[in-house]
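What the coordinates show
Now for the letters of each chain:
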Amino acid sequence: MAPANVPILEFTHDTGVIIVLAARPPLKNTFCVSLTKKGFNSTTGPSDANNIRYSEPYHLQKPVEYTESATEGRKPVQRRIACVQLLSLTEFSSTNPSENVDIFADLCALLATLSMRSQPFLGFLYLGESKIPRIGGAAGTLIEQLAKYIIGRGRSQFAFVSVSWLDKGVREAVLASNEEKIRTWLDRTFRGAGSSSEAGSSQPQNLKMLRLTQDAGSSINIILAFLSNPASISSKPLLQDQLPDKARLSDTSIGQEFDSKLGRVLRELCDDLLEDQERKDLFPEHLDTVFQHHSGFLELHSYDKVRKNPEWSAVKTALADIVKDASFILLFDRDSTLISEPKKLKPHFPLIPAGNSTYFILVPTFQNTPGDALIFAQVYRCLAFINTFDLQLLGITYCWPDSSPRIKAEVYCNLKLLSKICGTNSLDHLVLLKSTWQSVDQNTGVLQSLVPGANFLAKNRHNHDALKAAIIQALKTATARVLPDHKQTGFDLKSETALCQEIKGNNSISGTSAGVEVLEFLTKELAEREDDLKVYDASNSNAESLHRIWHSQITMLFFQWGIIRFSGSASIYQNIEAELQKDANVQKAILRMEAILSVHSKSQSGHRLAQLGGLYSAQFAAHGDSTDLSNTIKQYNEAVASLDPDSPKRAEYLLTLGSHLEKKCQLFGQKDDLVNAILVCQEAADVLAKSLDSSLPSDLRKALAAHAMAAVLKRKFEDDMENTGVDKSDVNDINTAILYLHKAEGLVPHGHQAASIIFSDLCHSHVLKSKYHSYKNEGQQAISTIETAMDEYNKTLPEPGPTHPAYAMILDAKCQAYSKHYKLVKVKTLTSKYAVDIQEAIRAGEMAVSHSHKEGTSQECRYLLNLGKAYWYLHESSSEASSTGSTVVEESSPLAKAIECFFQSVLCKIGDHMTRFKSARNWAKVETKKAIITKLRASESDMALKAYECCVVLLAQIAGEEIPLYEQHRRLEKIQKIVYQATAAAIDCGKLDKAIEFFEEGRSVIWKHYFKHDLIMQALKDKNPKLAKEWSNHQTQLRSNEKDEANSNLKMRAIILGEEASQSPASSFIMKGLKKIERAIKQVAGFASFGFYQNLSLLDKATEHGSIILINLYDKQCDALILQKQKPITHVRLPKMTSRIAAELQENLKEVIGFRAGSRGIKPAKQALNKGKKTMEAILKTLWVDIADPVVKSLDQASTPAYSHIFWCMSGPLAFLPLHAAGDYTIKGQTIRLADFFHSSYIPNIFSLLRSSTSTSSNKAKFQLLAVAQSKTPSEQGGNLPKTLEEVGYLKRHKVATIHTTVLINEEGTVARVKQELIKSQWAHFACHGVQDPVDGLKSALILHEGKGLTLKELVELKITHAELAFLSACQTAKGDQTLPEEHIHLAAGMLTAGYQGVIATMWSIDDDDGVDVAKWVYENLFKDTTTPGWPSTGLERLDSKNAVKALNEAVEKLRKKVPTDDYARWVPFVHIGL
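Below or above, wherever it landed, is the structure these notes cover.

Concerning the overall build of the protein
Each helix and strand counted, the protein has 56 helices and 30 strands in total. Counting only residues that meet the buried cut, the protein has 59% of its 1475 residues in that class. Look at the contacts in the protein between residues 6 or more apart in sequence, and 75% of them connect residues 24 or more apart.

Considering the nonpolar core
Counting 144 residues, the largest nonpolar core has Phe917, Ile1108 and Leu1110 as the members making the most contacts within it. Among residues more than four places away in sequence, those in contact with Phe917 are Cys951, Leu954, Leu955, Ile958, Ile975 and Ile978. If you look at the next biggest cluster of nonpolar residues, it comprises 129 residues, including Leu300, Cys382, Phe559 and Ile563.

Quick look at the pattern of salt bridges
Close approach of charged atoms allows side chains of opposite charge to pair. Applying the stated criterion across every chain, the model contains 61 salt bridges. Ionic pairing is found between Arg191 and Asp187, a salt bridge with its closest N-O pair at 3.0 Å. Here Asp187 and Arg191 lie together in helix H4 (residues 172-191), a separation of four residues that amounts to about one turn. Exposure class is identical for Arg191 and Asp187. Each is buried.

Quick look at the sheet that holds strand E10 (residues 351-353)
Judged by pairing direction, the sheet is mixed, and its six strands sit side by side in the order E10-E11-E9-E12-E13-E14 without closing on themselves. Strands with a single pairing partner mark the edges of an open sheet, and in this sheet they are E10 and strand E14 (455-458). For this sheet the average axis-to-axis angle between neighbouring strands, irrespective of direction, equals 30 degrees. Bridging between strand E13 (residues 430-434) and E14 involves four bridges; their strand directions are parallel. By the bridge assignment for E14, Leu433 is matched with Leu457. Sheet contacts for helix H12 (residues 372-388): strand E9 (327-332), strand E11 (358-363) and strand E12 (392-399); angle to E11, the most-contacted strand, approximately 150 degrees.

Details of the packing of helix H25 (residues 626-642) against helix H26 (residues 648-668)
Between H25 and H26, the least distance of the axes is 9 Å, while the angle of their chain directions is 150 degrees. By the angle class used here, H25 and H26 are roughly antiparallel. For H25 against H26, the interelement crossing comes out left-handed. Mapping the contact onto sequence places Ser626, Leu629, Ser630, Thr632, Ile633, Tyr636, Asn637, Ala639 and Val640 in H25 and Arg650, Tyr653, Leu654, Thr656, Leu657, His660, Leu661, Lys663, Lys664, Leu667 and Phe668 in H26. The residue inventory of the contact of H25 with H26, partitioned by class, reads eleven nonpolar, six polar and three charged.

Examining the packing of H26 against helix H28 (residues 696-723)
Across the interface, H26 lies against H28 with an axial gap of 11 Å and an inter-helix angle of 15 degrees. The angle between the axes of H26 and H28 places the two elements in the roughly parallel class. For the crossing formed where H26 meets H28, the hand is left-handed. For the pair H26 and H28, the contacting residues are Leu655, Glu662 and Gln666 in the first and Leu704, Ala705, Ala708, Ala711, Val712 and Arg715 in the second. In terms of residue class, the contact of H26 with H28 is built from six nonpolar, one polar and two charged.

Quick notes on the packing of aromatic side chains
On inspection of all chains with the given rule, the structure shows 33 aromatic pairs. With 5.9 Å between their ring centres and 75 degrees between their planes, Trp312 and Phe389 make a pair best called edge-to-face. Of this pair, Trp312 sits in helix H11 (residues 310-323) while Phe389 is found in the loop between H12 and E12, placing the two residues 77 residues apart along the sequence. Each member of the pair, Trp312 as well as Phe389, is classed as buried. Their ring planes at 15 degrees and their centres at 6.0 Å tell us that Trp1184 and Phe1237 sit as a pair that is stacked. Taken as a pair, Trp1184 in helix H48 (residues 1170-1194) and Phe1237 in the loop between strand E20 (1232-1233) and strand E21 (1239-1242) lie far apart in primary sequence, 53 residues in all. A relative accessible area of 5% means that Trp1184 is categorised as buried. The class for Phe1237 is partly exposed, based on a relative accessible area of 30%. An aromatic cluster is defined as three or more aromatic residues linked by ring pairs; in this entry it consists of Phe291, Phe297, Trp312, Phe349, Phe385 and Phe389. The ring of Trp400 carries the charged tip of Lys434 above its face, separated from the ring centre by 4.7 Å.

Points about the side chain of Asn178
Along the polypeptide, Asn178 turns up in helix H4. Ignoring anything within four residues of it in the chain, the contact list for Asn178 reads Ser130, Lys131, Ile132 and Pro133.

Some thoughts on the pairing of strand E5 (residues 77-89)
Regular strands place side chains that alternate from one sheet face to the opposite one. Within E5, eleven of the 13 residues are buried, leaving the element largely enclosed by the surrounding structure. Relative to E5, strand E1 (residues 15-22) runs parallel, the two sharing six bridges. Residue Gly16 lies in a different strand from E5, and its bridge partner there is Val84. By the bridge criterion, three bridges tie strand E3 (residues 52-54) to E5 in an arrangement that is antiparallel. Bridging from a neighbouring strand, Arg53 pairs with Ser88 of E5. Of the pairings in the sheet, the one linking strand E4 (residues 58-68) to E5 comprises seven bridges and is antiparallel in character. Residue Tyr58 lies in a different strand from E5, and its bridge partner there is Val84.

Notes on the environment of Asp727
Relative to the helices and strands, Asp727 is located in the loop between H28 and helix H29 (731-745). Separated by 49 residues in the primary sequence, Asp727 and Lys776 place their C-alpha atoms 8.4 Å from one another.

Examining the sheet that holds strand E26 (residues 1341-1343)
Across the sheet, which stays open at both edges, the three strands sit in the order E25-E26-E27 with antiparallel pairing between neighbours. What marks the edges here is a single partner per strand, and that holds for strand E25 (1330-1331) and strand E27 (1349-1351). As defined by bridge partners, E26 adjoins E27 across three bridges and the pair is classed as antiparallel. When the bridges of E27 are listed, Ile1343 appears paired with Gly1349.

A short note on the pairing of strand E15 (residues 1107-1114)
The buried fraction of E15 amounts to seven of the eight residues, a majority that puts the element mostly inside the structure. Sheet topology note: the E15/strand E18 (residues 1205-1209) ladder contains four bridges and is parallel. Pairing of Ile1108 across the sheet is with Phe1207, part of E18.

Some details on a negative patch on the surface
Where like charges cluster on the molecular surface, the negative patch consists of Glu268, Asp271, Asp272 and Glu275. Checked against the element boundaries, Glu268 lands in helix H8 (residues 253-275).

With respect to unusual backbone geometry
A cis geometry characterises the amide bond from Leu797 onward to Pro798, with omega recorded as -5 degrees. Phi angles above zero are rare outside glycine, and Thr829 is one such case at about 55 degrees. One can find Thr829 in the loop between helix H32 (807-827) and helix H33 (838-855). At Gln1126, a position not held by glycine, the phi torsion is positive, near 55 degrees.

Criteria and thresholds
Residues numbered from 1 in each chain as written. Predicted model: local features only at pLDDT ≥ 70, side-chain atom pairs only at ≥ 80, totals over all residues. Heavy atoms only, no water. Helix = DSSP H or I, 4+ residues; strand = E, 2+ residues; numbered from the N terminus. Buried < 20%, exposed > 50% of the residue type's maximum accessible area, 1.4 Å probe, protein only. Contact = heavy atoms within 4.5 Å. Core = buried A, V, L, I, M, F, W, Y, C linked by side-chain atoms within 4.5 Å. Salt bridge = Lys/Arg side-chain N within 4 Å of Asp/Glu carboxyl O. Pairing = 2+ DSSP bridges. Axes fitted to C-alpha atoms, helices over the stretch in contact; angles between N-to-C directions. Parallel < 35°, antiparallel > 145°, perpendicular 65-115°, else oblique. Left-handed = near helix turned anticlockwise from the far one by under 90°. Nonpolar A, V, L, I, M, F, W, Y, C, P; charged D, E, K, R; others polar. Phe/Tyr/Trp six-rings, centres within 6.5 Å; stacked < 30°, edge-to-face > 60°. Lys NZ or Arg CZ within 6 Å of the ring centre and 35° of its normal. Patch = residues over 30% accessible without salt bridge, like charges linked within 9 Å, V, L, I, M, F, W, Y side chains within 5 Å. Areas by Shrake-Rupley, 256 points an atom, 1.4 Å probe, with all protein chains shown as cover. Lys, Arg positive; Asp, Glu negative; His and termini not counted. Charge placed at Lys NZ, Arg CZ, Asp CG, Glu CD.

Put into structure tokens, the structure is as follows:
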């Protein structure tokens, strides 16, 4: 039976391993068949396991319990053996030490694998005969080696099993006597030869003498003997204990023995070579022998030691004359392309003669399988051999397999590894041999990127000799080309070949560039096999599935063994911590650690998992790749899970995990990460709080955990206040943070450096809480809390000096507390028990700024902002602010100082974007105040415009951060109104071009980020993926640095744990790198303007499609800016419209829509009321009189003739009002309206028109229209829409449209099918329900089959390249997010973002009948030209989607005449968006 209730990945704990050896190999199979009914199986995996074979499993009827030894972070664990696995090992030879080294290395890797898997090793079983009373010869030597070097005295179990029925003719008494004498010999051997004092003592406990008979249960009893003493199960053999502490295999006892024997063989070999100097016929044999022994030495020693070994130097001298004038070509070939006589090839160093003392060294091609490890090991040994004996390397040849004429996975694997083996300097000495070559083949991107400069030869030669000659000639030609550059030193290809040089640099196999690739492949393959195992449930499996589980496990065992074997003794057996500390290459260290963890039981690897997390963290700090941060969190999560709940390391890992979760939230905006960070820090604090240890180090760790919890909660509260507002902030967060800070305060002795950080954080926490009360208009609580903040700060006195890690941060807390106190008392006129001291706030702020500037940290930006506020508060309460006489602002005045602080903060490019934005906003405010004081005319206030320009640019940078869109919405909701203010300021200054640039850059920021990020960055990735990756990583790295420098808990960790506050390079260094990357990007074709926002010269191109009217609404000021083709900008003041009036109109419209009975809405409709009609009439008239009419009168008739296409871009509440329908409908028969003059479309921004004009042409694509109708919809999502079938039915009946239309009705219209068809179609029509998500606009959706939504996010991600027109005959498709009117977060705008040039949509619910009529009339208009004789029906003709706006207006006019005259709500919602 298999073990029950055991996690499948821990199944290894239940399987005990016995290694089987024998006097004669057939005995092993005999025993295996006796136990399992089958013989031993050959292994498969990433390395050569011919020396190890495995049996079928033997399941015990009753599991055996045993206690597993304790490991770091875990107590001893009770386990059991439920299954036994036999592994056959090749016996050591008495004649060939090189073969013994290979077996020895296999055994070491096996023991290391079992140890790392926490798999119990039961012992060694030796099968022999007892016909004679002694063990001698090879068997005796083998057992002596096992006893002395591998098992050790009193350690792992050893059983000598006498196979009785083989001793025919021997009487039982003689047999018993012989066995007793063998037992005595074994006893003496395992106790130590020559120790007479122990000669008569009892047999060692772990030594067994057993007999195998032909009885059915004999083999089972032998296995049970290994399990009879549970205490022996957890004991390890001597060699298994030695391995972790040895740098190389030669450092083990038995390794030294083999090393000595190899030395004797070398001396004999040297003599043989000297004797056979003239025997050229023995050339291949000599090289094969020397190569075999050289490979054995490489198993035991580093390459450097082999090279310097005097015995090898003697061999080199002896071999010199034999190999003189010979040259070699490494040949990768699996198809025997150049082999005429395969049987003559030597087994270890196969040489194919090519004439003129030139030889090909044959190695197999890589297969893109785990076996590539074995192939690469052979390549490594070949080139190491060539290096050692200074053989002439002529080049490398790769025979392209005939079965793969194209670059498939196998070929790509070979090309990639060959590029690593050769390196850039020797690729011209690589020959690619293929059946035939086409010129297009040679110029493929893969070949040009991986092996540029390689030689291309075809196999179409008549015979082997001709082909060999062609290869040699190509390589000699390559050498001739480079010889002039090596006149002084001579050309040596070995010095140019990457792998040869890496070998000389003493790199292990897995430490070379190609070896790293192979090891990474193996590690990933192993991880996939682990994932495959997770599907099994060991506790609920039948015999067949249990056998599959076992087979998967044995495959994994040999896979893990192969990884260890390939990794090389230098990197896998040595203590891993010491090895990684020596390794400056973090990426290589990560790979090594992953390889080690891949063969460890996760439950036993807490420390290593945490160490791997630390390596990933270091790599993230160094490079800024977000994947590394995610991997850091993953590894620490697993490290925590692997430890016992009361492990002392648990709290440490939890705190580190919490820190990285918090950072991930700050950088990428996932709120779940912050929630998890809080939970993790809470757990860490709770774990440490339970500790009874009250020593200072213990209390400091407890204080650190409490402070970490407080810091996360404080930051959450601060972010919520800034980004979502006070009403959505939870004051309990800051109260809990203060509680934890007081806990930390009680654990840190007075005067300790950590105490100052705690007090400053207490001070800052109360400052935040005071701001909260101020925003809530709770003045008394605000002043009381700020007084507490001052009290907390005073605990730091005397103030720490500049050497304190948080010196500037502590001073900044004081600046904030004292300046906030001054503002509440002097500006808000609240009463306080403390006297105000703004000068102390300024002094602290100046010192914080000065120190931060010297240190070059990003926090200078934040400190300048707070210092600027202090100066501003001083100005507000001074006579300067109230004076009306003076028109001069002195440079030393508080106002001038405030301006300078805000200005310098904005210039601090390594600072946080939001902090810089706040500084720019404050700078604009104080510059405006300065202009008022100095009585500057609006046109002269250039500095205010510069400040506003910074605001607008930073707005885009804030939205451009890699954070979720809902988080972008949250941030923009509070700050985007600055765009209106900036635009109004530019208009007042007469800078209309600047006003348009402000207006455009601040609109649809998120959508444009999509365009820029998806289109521009994707284009950059296509042209230069390395630059694109570096740009993204540097941006993340810079932001990460800023977060680290603002993190007080990291400074606490630096003080208490001695950690570095940050592992990242300095922010200034990162910024220099970013600028360098930006310059490089601008050198890439098409990226000269990378990083700039659109200026007017670019925006002016959009007027080719028609005049554009921008309506800017700010407070009491409303302006129209008109862009007309080849005309100056026209400014129209709209004095009757204000923000208040627009908001009232919006509320009135909501009321009207609420009364509507639209059948394609989501909510049940109410009955229409006359009041609603009157209200709509008033809204439309106001829009006409206050906005549309003044604009129409200002349009130039030459540039904008009657009934031409005009585009409206609205701001604020105006974006939700139906301006396209504006008109005076109050006088019957004398109606005047906008539609009488022009065809109106809405645009979210000018950029959308620019993008439409440059979008991919579809002229060569067959015209296709997709029509989707959903007549059946769940009632909770709007109910059935029977008329939609009639709507799309028109397209099916139309004699031309039907040819080019794909119609999906009801169940045909699944989300997947619709997305598939959208990509093929230029036009799309949706007759269905639509829903607007009020929280996350990207979740707004078209409701398809079974009520499933095609969301706005999915539409955007489709990126349809040839899209033209989308008709959304669904409700609410142009109803946007009212908190962010500038972003146009609705389905229609999403279709523009998805690639459509124009969209017909609705602003609110429509009647089902109206949807049918309008769609029919629109398509009648658009298809009318196709009804004329001669119109082709090939589908290659173009229908002009730009006629859609005209077709829609005419259709709406028909509907207006059809419905009751005053039923505005039925025809007004139809709108056209885009081109």
